[in-house]
Every structure is written in structure tokens, then in C-alpha cells.
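Close look at the chain arrangement
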Amino acid sequence: MTLLHVSIAGRAFRRYSTYTAATLAGIFTNCVFGVIICFVYTAVWDQRPHAGGYDVHDALTYAWLGQAMIMTVAVWGGGSPDDLAERIRSGDVALDFYRPVGILGWYVAADLGRALFHLLTRGIAPTIVGAILFDLRWPAGPLTWLAVAASIPLAVLVSFGLRFLVAMSGFWILDSQGTKVLAASAAVFFSGLTVPLVLFPGWLQNVAVVLPWATFLQVPADIWLGQRSGWEVLVGLALQVFWAVALLALCALVLRTAERKVVVQGG
Amino acid sequence: MSLIDARGLSRTFTVYKRSGRLTRTRTEVHAVHDLDLAIEAGEMVGYIGPNGAGKSTTIKMLTGILVPTAGHLRVAGVDPSRKRRSLAHRIGVVFGQRTTLWWDLPLRDSFELLQKIYRVPPDRFRTNLAEFVELLDLGDLLDTPVRQLSLGQRMRGDITASLLHDPEILYLDEPTIGLDVVSKGRLREFLRALNAERGTTLLLTTHDLQDIEALCRRVVVIDHGTKVFDGPLSELHRQGGSTRTLVVDLVDEAPPIAVEGATTRRVEGPRQWLAFPADASAAPLVAAITATYNVADLSIQEPDIEDVIRELYTAG
């Protein structure tokens with residue numbers, strides 16, 4: 001982290017903040033979906049009051065946390081990796097290799113700036129609306145809040161790693177749009193955005209909870225709800241750290257290969 | 001030692017081609033072969049050659065993003081591929097068809113980010129920015145997002161971006177491609193002033209002979225990875241036997257025009273094509289023709305860089 005990276009993040013934050021109408025429309029959409037999902041969950045937990053170990057308050061809170069995290073971790077894709085995808089498509093990426101600064105760190109910083117903006121707007125605003133409309137559960141104490149605060153940026157980093165890999169697929173297949181759609185469906189399903197992972201059937205749940213997408217929503221939500229407590233909180237954070245480090249290392253490796261390819265093939 | 005000093009510089013690529021269902025044949029492509037190049041500080045050199053001749057491979061090696069397979073290379077006293085990051089602070093790169101600017105950000109923001117990337121001292125940054133904004137007439141555009149700029153405006157932005165950190169060497173790849181005549185002229189004037197006042201060394205690849213004529217006293221021609229010419233432009237024209245063409249539209253049809261200093265190549269109705277040496281002036285020719293003939297219109301066709309190079313071969 002350097003001053004440069006802070007200023008990159010700041011600029012990314014500012015860039016998103018210029019689209020006020022889009023932000024407000026987005027918040028409205030999140031609220032509508034939050035309400036719809038709450039109706040569904042209310043019906044489900046009426047029938048099965050302790051489904052997945054959640055009570056109905058947990059479930060309703062989970063619904064709003066999901067809405068808050070959609071844009072913050074960019075479940076559907078987007079953020080700075082989209083800029084990279086565009087620069088790969090246009091060929092401008094060749095010039096990025098001439099700069100005396102690392103490409104990966106650059107894009108990480110830009111995406112963190114974006115994520116902060118989305119957290120403060122499309123994260124917090126729907127949560128407040130949800131809290132007004134429904135009886136939500138809040139983190140139990142300052143330590144839990146702290147764990148949540150640590151968990152969110154980690155979720156962003158893991159998601160960034162996946163999105164950056166998807167964007168880099170453009171180095172080989174020229175257009176990463178297809179990969180992006182594929183990755184988005186996997187992310188929506190395995191993040192537990194529509195159906196919490198705790199409702200997944202046995203074996204699938206066991207697999208899903210350790211996949212990188214589980215760290216987008218399920219891990220922070222379980223910390224928030226107190227479903228993870230004590231050591232389990234640390235285990236959850238450790239899973240996030242593991243995926244963040246592993247994916248970013250993979251990104252660096254793939255980027256080096258891509259660089260060799262770009263440099264050799266012209267541009 | 002020269003600022004750019006290459007001796008026996010070579011770069012070979014291994015290419016695999018499918019030759020059957022499962023077999024691949026391995027071929028070696030010599031993108032650059034045994035290139036000697038010495039460029040002194042303050043020179044403006046045109047680096048030309050047909051597509052695929054090895055121009056961008058050379059530039060990539062000079063900037064350190066591509067490692068040579070053989071030969072000796074020093075740029076500003078260092079081995080580029082080993083010291084790429086530190087060398088990046090001393091060179092500027094401009095590609096006519098690519099941009100280093102950030103699409104969504106106003107020009108000013110891109111420049112400020114570059115200041116941080118290259119760690120340009122604030123004073124130096126302010127002076128440089130003010131000067132380039134003035135010379136390239138960017139004042140009204142600083143707050144415009146790059147995506148809204150025209151090609152010519154964006155190009156001026158990219159040139160400014162490449163110069164904010166006071167590079168000793170500026171590599172320009174097709175800097176005038178796609179620009180209109182006025183923008184081309186202004187850009188050339190700027191580059192000339194840059195070289196004269198700051199002593200920046202320019203290495204310029206282009207297809208536009210007029211870029212070379214306006215800027216470069218020295219031309220290096222490369223083809224198939226090998227240097228085929230290194231010297232002044234006039235010498236290239238002489239060796240290549242290149243000619244300009246005067247197209248004369250007469251009022252009435254006439255037999256081929258006979259005039260000293262030119263030969264009539266083609267006659268088609270009232271239109272005639274006269275070839276004359278590229279380094280000669282068209283003025284006396286035009287005067288001689290208009291004195292004897294009833295001329296409706298005149299135009300001059302410049303020699304094409306490809307033609308010059310082609311003729312360089314057929315002549316040699």
C-alpha cells in the first residue's frame with residue numbers, strides 16, 4: 001500500500017460517486033428485492049421455524065445483508081476488472097506494462113475504492129430501509145462489529161481475485177464477456193445470495209461452505225448473526241484470508257504469463 | 001557511449017504451426033536480426049519499415065519489456081530488460097492507436113495519477129503541465145473525460161502524459177495516424193520544439209513520410225528484421241531513386257509534355273503524370289509548364305514510404 005494506491009482508490013470512489021441517479025435507482029432496486037425475498041423467507045420459516053439453524057429474524061436479516069453485499073462484493077461481476085477487460089479488448093493494456101508500477105496492485109486499489117463507495121451507499125442504505133420495515137438482528141457487541149468490519153474487505157478481495165481472473169481470460173479468448181456471465185451465475189448460486197448456503201442439502205452444503213463464494217455473504221452474515229462465535233469467527237476469517245491470498249497469488253501468476261504473451265504477440 | 005547503443009541485437013520467436021491433426025512444426029522467426037543501432041542524445045530519428053519488419057519488436061526491447069535473444073543493448077547506460085522499472089522513469093512512450101489515459105477520468109485526473117506513478121515533484125509537475133497545456137492547447141479540455149475527446153485531442157493528451165516526468169527519450173509509434181492535416185502540423189511543430197528546447201531524444205516510427213521530412217534528419221530503415229538503411233532522408237531518396245509525381249490537368253489534350261527535370265510517365269486525355277526527383281523543388285517545373293501550356297489544374301503526389309523502400313531493393 002502506498003500513497004499512489006490510496007489516491008487510485010480515492011479516484012475510483014469519486015468516479016462512482018458521480019453517478020448519483022444510478023446509485024439512487026440501485027438502492028431502490030435493492031430495497032424492492034429485499035422486501036420480496038423477506039416475503040419468501042417469512043413463508044419458508046413459517047413452515048420450518050428453524051430451517052438451516054436460522055430463526056425467522058436471522059433469515060430476514062440475511063436477506064438484507066445479501067442486498068447490502070451484492071454491489072459491495074460485486075457478485076454479478078464488474079468493478080475494476082471490467083476496466084481491465086476493456087483495456088485487454090482494445091489493446092491499451094500493452095501500455096500498462098510500460099508503467100513503473102504493478103498492474104495487480106493498481107486494480108486491487110481501484111476496486112477497494114469502488115467497494116467502499118458501494119458499501120456506504122448500496123450497502124448501508126438498503127440495510128437501514130430493511131431495519132425500518134422488518135425486525136432485524138444486529139451484531140452482539142463491539143468485537144462482533146469488528147469481525148464484520150474485517151470480513152467485508154476480505155470478501156471484496158476474494159471476489160476481486162475471481163473477477164480479475166475472469167477479466168484476464170480475455171488475454172486468451174479475446175473477449176471475456178462469456179466467462180463473465182458464467183462466473184456470475186456460479187457466484188450468485190454459490191454465494192447464497194438467493195438461497196442461504198445453510199439450506200443447501202448435506203453434501204452440497206459441505207462443499208459450498210468452503211468454496212471462495214461462501215466468503216462473499218455467508219461468512220460475513222454468519223458472523224453478523226452470531227451463527228459463528230468464538231473460534232468459529234476466526235475460522236471464518238481464516239477461510240477468507242486463505243482464498244484472498246490464494247486467488248491474488250494466482251492472479252499474479254496468470255498476469256505474468258499474460259504479460260509475456262502480450263509482449264510477444266504485439267500491441 | 002551513445003544514449004541508445006545496440007550491437008548485434010536479435011530477437012527470435014519460436015512459432016508452432018499445426019501441420020497435421022496432432023503434429024506441430026516448430027519454426028523460428030527472426031523478428032530482429034543482428035541490428036546495430038547507435039543513437040546520440042538529442043537526435044530525432046525516424047525508424048521506418050513495412051508492417052512486420054521488426055519495428056515494434058525493437059521498441060519493445062529498447063523499453064525493456066521484451067528480452068533480446070542475442071546481442072548487446074544499453075539504453076541510457078542500463079540494460080533495459082533488467083532495469084525496466086527504473087528505466088521507465090527516464091523514457092516516454094506514445095502509441096498512436098493506444099491510450100495510456102483513463103477512459104472515465106478527466107484528463108487532469110489522469111495527469112495527476114501519472115504524477116504519482118512517476119513520482120514527479122509537485123513543482124516540476126506544475127511547470128510541465130502548464131507548459132504542455134499551453135503548447136498543445138489543452139486548457140479547455142483538462143476537465144473533460146477522456147472518452148469525450150476527439151482523436152486529435154486525445155493524442156495531445158497522450159503526448160502530455162508521456163512527457164510529464166521529463167523523459168530523456170521519447171518513443172513515438174505512428175503518432176500522427178488518423179489525424180487531420182492541421183493537427184499533424186501542430187504535433188510536428190510541438191515535437192520539434194520539444195527536441196530543440198529540452199533536448200529530448202525522439203525515436204519515431206511512422207508510415208507518413210512527411211512526419212520524417214518534418215522532423216528527422218536521420219532515417220533508419222528496417223525490413224525482415226535487418227537494417228537496410230541508416231542515414232539522412234535525402235540519401236534515402238537518392239538511393240531509393242524515389243520520385244514525386246506532378247499531375248497536370250491541361251485545358252486541351254496534348255502530346256506528352258517535354259520539360260527539363262521531369263519525365264512524363266503517363267498520359268490520359270488532358271491529364272498527364274510527370275515524375276521528378278523527390279529532393280527537387282516543384283516550383284521551377286510548374287513555372288516552366290505553365291509558361292508553355294494552358295494548365296487547368298496541378299497537384300503533387302508524395303512518394304510512399306513503401307515505394308521508396310521497394311525501390312531501395314530493386315536499385316540495390
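Residues numbered from 1 in each chain as written. Chains lettered and ligands numbered in written order. Predicted model: local features only at pLDDT ≥ 70, side-chain atom pairs only at ≥ 80, totals over all residues.

Each helix and strand in chain A was counted, giving 12 helices and zero strands. Against the compact-globule benchmark of 18 Å for 267 residues, chain A has a radius of gyration of 19 Å, which places it among compact chains. For chain A, the spread of C-alpha atoms along the three principal axes comes to 60 × 40 × 35 Å. Taken across its 267 residues, chain A has 44% of its residues classed as buried. Within chain A, residue pairs in contact and separated by at least 24 positions form 81% of the contacts whose partners lie at least 6 positions apart. (Helix = DSSP H or I, 4+ residues; strand = E, 2+ residues; numbered from the N terminus. Rg over C-alpha atoms; globule rule 2.2 N^0.38 Å. Buried ≥ 20, exposed ≤ 12 C-beta atoms within 10 Å, placed from the backbone. Contact = placed C-beta atoms within 7 Å.)

Scanning chain B from terminus to terminus reveals 10 helices and 13 strands. Viewed in the frame of its principal axes, chain B has a C-alpha envelope of about 65 × 60 × 45 Å. Counting across all 316 residues of chain B, residues that qualify as buried make up 37%. For chain B, the proportion of contacts with a sequence separation of at least 24, taken over those separated by at least 6, is 68%.

Residues and elements named next belong to chain B. Considered domain by domain, chain B is made up of domain 1 (4-238) and domain 2 (242-315). Distance between the C-alpha centres of domain 1 and domain 2: 35 Å. Listing elements by their share of the side of domain 1 that touches domain 2, those giving two or more residues are helix H7 (209-215), strand E8 (218-223), strand E9 (226-232) and helix H8 (233-240). Among the residues forming the side of domain 1 that touches domain 2, the class breakdown is seven nonpolar, four polar and one charged. (Domains from an automatic or database assignment. Nonpolar A, V, L, I, M, F, W, Y, C, P; charged D, E, K, R; others polar.)

All names here are of chain A. Inspection of the secondary structure assignment puts leucine 95 in helix H5 (residues 93-96). By C-beta crowding, leucine 95 is classed as buried, having 20 other C-beta atoms within 10 Å. The spatial distance from the C-alpha of leucine 95 to the C-alpha of serine 7 is 20 Å, given a sequence separation of 88 residues.

So, on to the interface of chain A and chain B. Taken residue by residue, the interface counts 18 residues in chain A and 21 residues in chain B. At six residues, the largest contribution of residues to the side of chain A that touches chain B is made by helix H1 (residues 3-17) of chain A. For the side of chain A that touches chain B, a count of residues per class yields 11 nonpolar, three polar and four charged.

A few words on the sheet that holds strand E1 (residues 4-18) of chain B. Residues and elements named next belong to chain B. Strand order in the open sheet formed by three strands is E2-E1-E4, with antiparallel pairing between adjacent strands. In this open sheet, the two strands that pair with only one neighbour each are strand E2 (24-39) and strand E4 (70-75). For this sheet, the mean angle separating the axes of adjacent strands, direction not counted, is 30 degrees. Sheet topology note: the E1/E2 ladder contains 12 bridges and is antiparallel. The residue bridging alanine 6 from the neighbouring strand is leucine 37, located in E2. (Pairing = 2+ DSSP bridges. Axes fitted to C-alpha atoms, helices over the stretch in contact; angles between N-to-C directions.)

This paragraph deals with the nonpolar core. Ranked by size, the top nonpolar core spans 139 residues in total, and within it Val45 and Leu164 of chain B carry the most contacts. Sort the elements by how many residues they give to this core and helix H7 (residues 142-168) of chain A lands first, with 13 residues. The contacts of valine 45 of chain B, once residues within four sequence positions are left out, are Ile39, Leu202, Leu203, Leu204, Cys216, Arg218 and Val220 of chain B. Counting eight residues, the second-largest nonpolar core is a separate cluster that includes Val248, Ile257, Val259 and Leu285 of chain B. (Core = buried A, V, L, I, M, F, W, Y, C linked by C-beta atoms within 7 Å.)

This brings us to the sheet that holds strand E3 (residues 44-48) of chain B. Residues and elements named next belong to chain B. Read from one edge to the other, the open sheet built from six strands follows the order E5-E6-E7-E3-E8-E9, with strand pairing classed as mixed. For this open sheet the edge positions go to strand E5 (91-95) and E9, each flanked by a neighbour on one side alone. Sheet twist, expressed as the average angle between the axes of neighbouring strands with direction ignored, equals 15 degrees. Bridge analysis of E3 against strand E7 (residues 201-205) gives four bridges, and the strand direction is parallel.

Okay, the packing of helix H3 (residues 56-72) of chain A against helix H11 (residues 218-225) of chain A next. Residue and element names in this part refer to chain A. Where H3 contacts H11, the axes come no closer than 10 Å and their chain directions differ by 135 degrees. Our classification of the angle between H3 and H11 gives oblique. Considering the relative orientation of H3 and H11, their crossing is right-handed. Every residue of H11 that contacts H3 at Asp58, Thr61, Tyr62 and Leu65 is listed here: Ala221, Trp224 and Leu225. Tallied by class, the residues present in the contact of H3 with H11 amount to five nonpolar, one polar and one charged. (Parallel < 35°, antiparallel > 145°, perpendicular 65-115°, else oblique. Left-handed = near helix turned anticlockwise from the far one by under 90°.)

What follows concerns unusual backbone geometry. Note: most peptide bonds trans; most residues except glycine with negative phi. Residues and elements named next belong to chain B. Positive phi, close to 60 degrees, is recorded for aspartate 137, a residue that is not glycine. Along the polypeptide, aspartate 137 turns up in the loop between helix H4 (122-135) and helix H5 (151-163). Notably, aspartate 166 is not glycine yet its phi reads approximately 50 degrees, a positive angle. Residue placement: aspartate 166 occurs in the loop between H5 and strand E6 (169-173). Owing to 15 C-beta atoms within 10 Å, aspartate 166 belongs among the partly exposed residues under this scheme.

We now examine helix H6 (residues 103-133) of chain A. Spanning 31 residues, H6 of chain A covers 44 Å between terminal C-alpha atoms, matching the ideal 45 Å at 1.5 Å per step. By the largest-angle criterion, leucine 119 of chain A marks the main kink of H6 of chain A, which is about 35 degrees. (Expected span 1.5 Å × (residues − 1). Bend = angle between axes of the 7 residues up to and from the residue.)

Turning next to the confidence of the model for chain A. Per-residue confidence for chain A gives a mean pLDDT of 93, with 98% of residues at or over 70. Ranking the elements of chain A by mean pLDDT puts H5 of chain A last with 82 and H7 of chain A first with 97. (pLDDT = per-residue confidence, 0-100.)

With that settled, consider the packing of H3 of chain A against H6 of chain A. For any two helices packed against each other, the geometry is given by the interaxial angle and the distance between the axes. Residue and element names in this part refer to chain A. Packing of H3 against H6 leaves a shortest axis separation of 8 Å and a crossing angle of 160 degrees. It follows that H3 is roughly antiparallel to H6 by the angle criterion. Crossing of H3 against H6: the hand is right-handed. Contacts from Trp64, Gln67, Ala68, Met71 and Thr72 in H3 reach Ala115, His118, Leu119, Arg122, Gly123, Pro126, Thr127 and Gly130 in H6. Counted by class, the contact of H3 with H6 contains six nonpolar, six polar and one charged residues.

A few words on the pairing of strand E12 (residues 271-277) of chain B. Put simply, side chains in a regular strand alternate between the two faces of the sheet. All names here are of chain B. One ladder, built from seven bridges, connects strand E10 (residues 243-250) with E12; its direction is antiparallel. Each residue of the ladder has a partner; that of leucine 246, found in E12, is leucine 274. One ladder, built from five bridges, connects strand E11 (residues 263-268) with E12; its direction is antiparallel. Among the inter-strand pairings, valine 267 is bridged to a residue of E12, identified as glutamine 272.

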